[in-house]
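Residues per chain are reported as follows:
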Amino acid sequence: MSLSSRLVLPLLSLTALLSCGRSPEVQGDPYDLALLNEQVGSVAAPYDAVKGTAAQGRVRVSFLGDAPDLPAIGVRQVLLCGTACTTAGSAASVTATDDGSGRGVMFSDVAVVPGEIDRIIVQPDPKLGQAVAFKTIRLSQPIVVEAGERKEIFLSLKAVPENASSPMEVSFLGAASLPASSTTVMAYRPDRATAWPAGEAMGLAMAAGGSTDAQVFGLELQDTGGVMPRLAVWPSMKMNAPMKVSVNIDDKRLAQDLTAADYRVQLADGSSPKMTMKGNTLTFEAANLESAQLVTDRSVVETSDGQRIALPVQNIPLGAQQLSAQNTSTCKNRLISRRAEYEQFFTNGTDALRIFDCESVAPYVHIVLINRANRSRTVELPVTPSVDYPGKYVLRPITSHATGAAVAINGFTWSGDKGTAYSTGYGTPLGTLITAGTVRKTNSSTEAILGFERQAAGQASGTSAEFFVGASSSLNFGTHNYNVIGSTTSVIRSGACNPNQDASTLERWSAVGIGLNRMALVSSTSSGTSTSRDLCSVFEGLGYLNGAIRLDGGPSAAMTWNGQHINPLGGMSYGVFGNARNILNALVWK
């Protein structure tokens, strides 16, 4: 019997009973929650990205069919139950078929009180579509929803044998915590192949049997200004068989005189799978996938006006291992050998220059050099004072701080909210901070501090900077008191690497240093880590030894270049904050 025939027969039977003056066996609402010994405890409000609060969690519920020809189902509401049941979503007709992509149909996107979900109920609405089996779906492991977290729940919709009470039923497929910024959500089912989606900016194909259990995960293509957008996957996919990934590249972003063959795919673990090119589509295979980006081992620079240039090949010998957790000599020697070339760009009028040489080797950092003698731009330390909480400042992503800037880097740490994407956060600076002549914080403890003069009227001069050490409450910054930023740690001090820095703990960091009337901004790549001492190799390689300070690190480490956020977060930090953590302030060249 066909599925459509099975849907008509119950209606004919009901009509026959009524015509004979007989009532159906079930009186009242056959989908009353009391029949399942449940009741509604609260109604979840739709998630609002503007009005959201860090005290709540975000839950999205989606349906995914197991066949391509399933009819629409009527859903009155979905209940998420723990100690009590919360309704998620309003009545709707849902058509959830299997198109092979693993992408479901979202039913609800709500804000909920943190807690555990151990039962799910789909309450049918036959007025809107086929009624599914009305039952309590009990989870083998509870879904834990935490404050400030996004949780994705997938429910599987399938047809059942003809002798069942309802021709359609819903079961739990899987759940996952996803970053706020994940744009595409998929569910992989081991019993079938999944391909997403042919002919678009990215393709992902997974064979059947790739894992034991179903997996829910998010995908995102992040435009970091590179030849290929950075692919971010969370939770990371670990499969028994390789996944086939295809991504479109932008050949207009290739460095001058380079081709796609001069680049390689780099995964989160540092490995580089074999890649093939067909037209502008790059394809590679990987069994483990958390992130992928395109890098080159050639020396490349980019000017602030967007020219990306490959420098001539050099044979650069490796230097001696420094006292650190990893060998940064390749980075340092590359920078030493290229100093004259960098300076030539400044002589030719470039005010800022991005250096790619240390992005794929330790200490795995992005570097931007600034000619402080250039008068077209100057240093700013943007902050946003809170209107509602005097003395506090609004936490914002690096891209917001960087509006209109050629380059921006995160500032120092703060006390206050965590900086997640789910609510407006606030904080107060922990280090010395003076912005545009306004004192935001001074510190009585010893600090490493960079102070900047106010640029002369009419941009008649460049931007002078000075390095200080001491308690800012007792220091005299002289004329370098217009923009001032402090840190607990100096990277370069007294013309050399600070020997008292941590040389064993690997973390993401940002730093800023001065020398030779220049300034270097340094920030870890998305998956790169280093020790604080590792950062010395950058400033030593450049010869910028007047002083350098370490800024905030971990998920706060961030940099923008020509309007692009070039080091979005990876790993666990990506899962918590999405692309970027909201931070209190930044140092920008604007």
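Structure: see above.
Reading the values: the criteria
Residues numbered from 1 in each chain as written. Predicted model: local features only at pLDDT ≥ 70, side-chain atom pairs only at ≥ 80, totals over all residues. Heavy atoms only, no water. Phe/Tyr/Trp six-rings, centres within 6.5 Å; stacked < 30°, edge-to-face > 60°. Buried < 20%, exposed > 50% of the residue type's maximum accessible area, 1.4 Å probe, protein only. Lys NZ or Arg CZ within 6 Å of the ring centre and 35° of its normal. Salt bridge = Lys/Arg side-chain N within 4 Å of Asp/Glu carboxyl O. Helix = DSSP H or I, 4+ residues; strand = E, 2+ residues; numbered from the N terminus. Pairing = 2+ DSSP bridges. Axes fitted to C-alpha atoms, helices over the stretch in contact; angles between N-to-C directions. 1 Å grid on protein atoms, 1.4 Å probe; cavity = no way out; pocket = protein on both sides within 12 Å on 5 of 7 lines; lining within 4 Å. Points joined across faces, edges and corners; volume = space filled by probe spheres on them. Nonpolar A, V, L, I, M, F, W, Y, C, P; charged D, E, K, R; others polar. Disulfide = S-S within 2.5 Å.

(A) Geometry of the packing of aromatic side chains. In this structure the tally under the stated criterion is five aromatic pairs. Measuring from ring centre to ring centre gives 5.0 Å for Phe-468 and Phe-477, while their planes differ by 85°; the resulting arrangement is edge-to-face. With relative accessibility at 12%, the residue Phe-468 sits in the buried group. The lysine or arginine in question, Lys-392, covers the ring of Tyr-389, its NZ or CZ lying 5.8 Å from the ring centre. One cation-aromatic arrangement involves Arg-550 over Trp-509; the distance from NZ or CZ to the ring centre is 3.9 Å.

(B) Molecular detail of the pattern of salt bridges. Across all of its chains, the model carries 21 salt bridges by this definition. Arg-76 is paired through a salt bridge with Asp-29; the nearest N and O atoms lie 2.9 Å apart. Within this pair, whereas Arg-76 is found in strand β4 (residues 73-81), its partner Asp-29 is found in the loop between α1 (3-19) and β1 (40-43), the two being separated by 47 residues in sequence. For Arg-192, the salt bridge identified is with Asp-191, shortest N-O distance 3.1 Å. Overlapping salt bridges bring together Asp-98, Arg-189, Asp-191 and Arg-192 as one network.

(C) Representation of the sheet that holds strand β32 (residues 465-471). If you walk across this open sheet you meet the five strands as β30-β29-β33-β31-β32, and the pairing is antiparallel. Of all the strands in the sheet, the pair left with one neighbour each is β30 (438-441) and β32. Geometrically, the sheet is characterised by an average inter-axis angle of 25° between neighbouring strands, direction not taken into account. Across seven bridges, the pairing between strand β31 (residues 446-452) and β32 is antiparallel. Across the sheet, the residue bridging to Gly-451 is Glu-466, located in β32.

(D) How the structure looks around empty space enclosed by the protein. Inspection of every chain in the model, using the stated rule, returns three cavities of 30 Å³ or more. Every residue lining the largest cavity is counted, 22 residues in all, and those nearest its centre are Leu-294, Val-295, Arg-354, Phe-356 and Glu-359. Where the lining of the largest cavity is concerned, the elements lending two or more residues are β17 (263-267) and β19 (281-296). With four residues, β19 is the single largest residue contributor to the lining of the largest cavity. Taken together, the residues of the lining of the largest cavity break down into eight nonpolar, ten polar and four charged.

(E) Broad picture of the state of the cysteines. Counting across every chain of the model gives three disulfides. Between the sulfur atoms of Cys-331 and its disulfide mate Cys-358 the distance is 2.0 Å. Handedness here is read from the sign of the S-S torsion; for Cys-331 and Cys-358, about 90°, the answer is right-handed. One end of the pair, Cys-331, is in helix α2 (residues 329-347); the other, Cys-358, is in the loop between β22 (352-355) and β23 (365-371), and 27 residues separate them in sequence. Between the sulfur of Cys-497 and that of Cys-536 lies a disulfide, 2.0 Å long from S to S. As the torsion about the S-S bond is roughly 75°, the Cys-497-Cys-536 disulfide counts as right-handed. Of this pair, Cys-497 sits in strand β35 (residues 496-497) while Cys-536 sits in helix α4 (residues 536-542), and the two are 39 residues apart along the sequence. The same class applies to Cys-497 as to Cys-536, namely buried.

(F) Local environment of unusual backbone geometry. In this structure, the amide linkage connecting Trp-234 to the following residue, Pro-235, adopts the cis form with an omega of -10°. Counting through the fold element by element, Pro-235 comes out in strand β16 (residues 230-248). In this chain, Ala-362 is followed by Pro-363 through a cis amide linkage whose omega measures 10°. Unusually for a residue other than glycine, Asn-37 sits at a positive phi of about 60°. As for its position among the elements, Asn-37 is in the loop between α1 and β1. The class of Asn-37 is exposed, set by a relative accessible area of 72%. One non-glycine residue with positive phi stands out, namely Gln-459, at about 55°. Given a relative accessible area of 36%, Gln-459 falls into the partly exposed group.

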